[in-house]
Amino acid sequence: MLADRIWHDAQMATMRADLEGVGLIDRAMIASKDGRIVYAGAKSDAPSGLDGKEWIGCHGALVTPGLIDCHTHLVYGGDRSHEFKMRLAGASYEEIAKSGGGILSTMRATRVSDDDELAYDALKRLDALIADGVTTLEIKSGYGLDLENETKQLRVARRLGNERQVDVVTTFLAAHALPPEAGGDKDRYIELVCREMLPQIARSGIADAVDAFCEGIAFSVEQTARVFETARILGLPVKLHADQLSNLEGAALAARFGALSADHLEYTSEEGAAAMGRAGTVAVLLPGAFYFIRETKVPPVDLFRKHRVPIALATDCNPGSSPLHSVQLVMNMGATLFRLTVEECLLGVTREAARALGRLDRVGTLEAGKHCNLAIWKVGSPAELPYRFGINQLSARIYRGTGELTC
Ligand code: NIG
Ligand code: FE
């Protein structure tokens, strides 16, 4: 077969589930045709007759799947640096939220921004992630809090995927905070989300999944369950901001609905972890938010291991709790703050992140049939990725077979 491109002499971390750890293959080659991988393995095992129009020597460089950021709030108006100042002066994240700031302050800035303004700002953030090696990312709404403005956020998120060489997966997060026009009535707002907003969002096809914020300062288990039931009827997969600031047993709730993922999870109990393990729900850990709001309770990583819960890592890029724009840094934080192993950090931003998005059939590992999305690194061994921080170690990024042709 004549492939379009062949990368060779790579130290390839395939992330294949049937191999140990990150599935390392030495002296590897990866062949792509029409944007897909047609061969990824040892050069010595390559099928005879496989040739390429272009050959790219990697000189022993580490090659991984393109990075996947499976939890972001990338599209929003304004910023929250003023609240950062308040927090430095002693106010807590929850206190600011309760006094009308927090998510509602970003809601106000988002509602007064038009599509072009939102896209202009979000593209700067997206470009930072692309320069970091990201080829797939998830983007949530949740700062519009009414149909018109939630739709606007999701429309802009889809547009970003057309304006850059990146796959965007969108998530509808109207159950993020209570908008002021709801007059303090959370049940009534959830009714609106379920009766009017969700059916229209599902009809328009603008969201790939549904999320909610289950927390004292947001929505209860019962309110979240109503949103999830509606999503189920409409055929949309769910995920959840769970157990971030307290334990409401959000993890178990997510598992009960077969959620793709439960995210944050600092306060998750053993029952919650066990339920996630049984349901196959991915634990998406967000060390940027943990760090930035100066949380001290570390998510129960040992329980996730014990109950075989897949672990992913993401930036949670958002203006309030995690203005973080680097998946490379997330790997370092996952290791340093949460004591994840090197393998868990790398798998967390590739294979397990793909699983958390329901995209494992297309991306997340280097195997024939998947999109040829690659991150080629200036390093030769996996441990070097989470080890250094504050430096961009990416050498080249390949999206569907195209991108820089030097390693
Ligand atoms: O993932 N936890 C809730 N939502 C976001 C924060 C949103 C914000 O503060 O603007 C999070 O941390
Ligand atoms: Fe979040």
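Above: the structure in question.
What counts, and where the lines are drawn
Counting of residues starts from 1 at the beginning of each chain's written sequence and follows it residue by residue. All chains are assigned letters beginning at A, and all ligands numbers beginning at 1, according to the order in which they are written. Totals for whole chains, interfaces and linings use all residues, but because this is a predicted model, local features are given only for residues with pLDDT of at least 70 and pairs of side-chain atoms are given and counted only at 80 or more. The side-chain quantities take in all heavy atoms of the structure and omit both hydrogens and water. When we say a residue is near a molecule or strand, we mean one of its heavy atoms is within 4 Å of it. Any pair of nitrogen or oxygen atoms within 3.5 Å is treated as a polar contact; in protein, a donor-acceptor pairing is required on top of that, and neighbouring residues in sequence qualify only through side-chain atoms on both sides. Every accessible area reported is derived by Shrake-Rupley at a probe size of 1.4 Å, with residue values counting cover from the shown protein chains alone. For cavity detection a 1 Å grid was placed over the protein atoms alone, and a set of points counts as a cavity when a 1.4 Å probe fits there but cannot get out; an open set counts as a pocket when protein lies on both sides within 12 Å along at least five of seven lines, with lining residues being those that have an atom within 4 Å of a point. Cavity and pocket membership follows a simple rule, namely that a molecule belongs there if more than half of its atoms are within 2 Å of the grid points. Throughout, the ten residues Ala, Val, Leu, Ile, Met, Phe, Trp, Tyr, Cys and Pro are labelled nonpolar, Asp, Glu, Lys and Arg are labelled charged, and all others, Gly among them, are labelled polar. Sites may look incomplete because water is not among the atoms; the donors themselves are N, O and S atoms within 2.8 Å of the metal, or within 3.2 Å for Na, K and Ca. In this description a helix means any DSSP run of H or I spanning at least four residues, a strand means any run of E spanning at least two, and both kinds are numbered starting from the N terminus. In this analysis an axis means a line fitted to C-alpha atoms, helices contributing only their contacting stretch, and an angle means the value between N-to-C directions, from 0 to 180 degrees. Orientation labels follow simple angle bins: below 35 degrees gives roughly parallel, above 145 gives roughly antiparallel, 65 to 115 gives roughly perpendicular, and whatever is left gives oblique. Handedness of a crossing follows from how the near helix is turned relative to the far one, being left-handed for an anticlockwise turn of less than a right angle and right-handed for a clockwise one. In what follows, residue pairs with any heavy atoms lying within 4.5 Å of each other are defined as contacts. Stacked, edge-to-face and tilted are the three classes for Phe, Tyr and Trp ring pairs, Trp counted by its six-membered ring, which pair at centre distances within 6.5 Å; planes under 30 degrees apart are stacked, over 60 edge-to-face, the rest tilted. Think of it in three bands: with a 1.4 Å probe and only protein chains considered, a residue is buried below 20% of the maximum accessible area for its type, exposed above 50%, and partly exposed in between. Here, a charge over a ring means that NZ of Lys or CZ of Arg falls within 6 Å of the ring centre while also lying within 35 degrees of the ring normal. Grid points are joined across faces, edges and corners, and a volume is the space filled by probe spheres set on the points.

For this particular structure, what's the right way to read the site of ligand 1?
Surveying the vicinity of ligand 1 reveals 15 residues, the closest of which are Arg80, Tyr93, Tyr143, Gln244 and Ser321. In this structure, an oxygen atom belonging to ligand 1 sits 2.6 Å away from a side-chain N or O atom of Tyr143. In the model, a nitrogen atom of ligand 1 is placed 2.8 Å from a nitrogen or oxygen of the Gln244 side chain. Isolated, ligand 1 exposes 330 Å² of accessible area, and the fraction of that covered by the protein chains is 100%. In this structure, ligand 1 is accommodated by the largest cavity. For the shell around ligand 1, the per-class residue count stands at four nonpolar, nine polar and two charged.

Please clarify how the coordination of the iron ion (ligand 2) should be interpreted in this entry.
Ideal geometry at a metal gives 109.5 degrees between four tetrahedral donors and either 90 or 180 degrees between six octahedral ones. Taken together, the protein donors to the iron ion (ligand 2) comprise His71 (NE2), His73 (NE2), His241 (NE2) and Asp316 (OD), at separations of 2.1 to 2.3 Å. Binding-site remark: the iron ion (ligand 2) is held by donors from one chain whose sequence spacing is H-x1-H-x167-H-x74-D. One end of the pair, His73, is in the loop between β6 (67–69) and α1 (81–88); the other, His241, is in strand β10 (residues 239–242), with 168 residues separating them in the sequence.

What should I look at first to understand the packing of helix α6 (residues 186–204) against helix α7 (residues 221–234) in this one?
Two numbers describe a pair of packed helices, the interaxial angle and the distance between the axes. Running from amino to carboxyl end, α6 crosses α7 at an angle of 15 degrees, the nearest separation of the two axes being 10 Å. Between α6 and α7, the crossing angle belongs to the class labelled roughly parallel. For the pair α6 and α7, the sense of crossing is right-handed. Between α6 and α7, the residues in contact are Lys186, Asp187, Ile190, Val193, Cys194, Leu198, Pro199 and Ala202 and Gln223, Arg226, Val227, Thr230, Ala231 and Leu234, respectively. By residue class, the composition of the contact of α6 with α7 is nine nonpolar, two polar and three charged.

Teacher, can you tell me more about the packing of aromatic side chains here?
Pairs of aromatic rings are described using the distance from one ring centre to the other and the angle between the two planes. Throughout the structure, instances matching the rule amount to five aromatic pairs. Measuring from centroid to centroid gives 6.2 Å for Tyr76 and Tyr143, while their planes differ by 70 degrees, and the two rings are edge-to-face. Of this pair, Tyr76 sits in the loop between β6 and α1 while Tyr143 sits in the loop between β7 (134–140) and α5 (147–163), and the two are 67 residues apart along the sequence. For the pair Tyr76 and Tyr143, a shared accessibility class is recorded, and that class is buried. Judged by centre distance (5.0 Å) and plane angle (80 degrees), the rings of Phe290 and Phe338 are edge-to-face. Placement of the pair is Phe290 in helix α10 (residues 287–292) and Phe338 in helix α12 (residues 327–338), with a sequence separation of 48 residues. Look at Phe290 and you get buried, because its relative accessible area is 7%. If you follow Lys186 out to its NZ or CZ, it ends over the ring of Phe219, 6.0 Å from the centre.

In this structure, what is going on with empty space enclosed by the protein? I would like to understand it.
Over the atoms rolls a probe the size of a water molecule, and its path tells where empty space is left. Summed over the entire model, instances satisfying the criterion amount to two cavities of 30 Å³ or more. The wall of the largest cavity is formed by 14 residues, among which His73, Tyr93, His176, Asn318 and Ser321 lie closest to the centre. Per-class residue counts for the lining of the largest cavity are four nonpolar, eight polar and two charged. The computed volume of the second largest cavity comes to approximately 40 Å³. Along the lines of polarity and charge, the residues of the lining of the second largest cavity split into four nonpolar, six polar and no charged.

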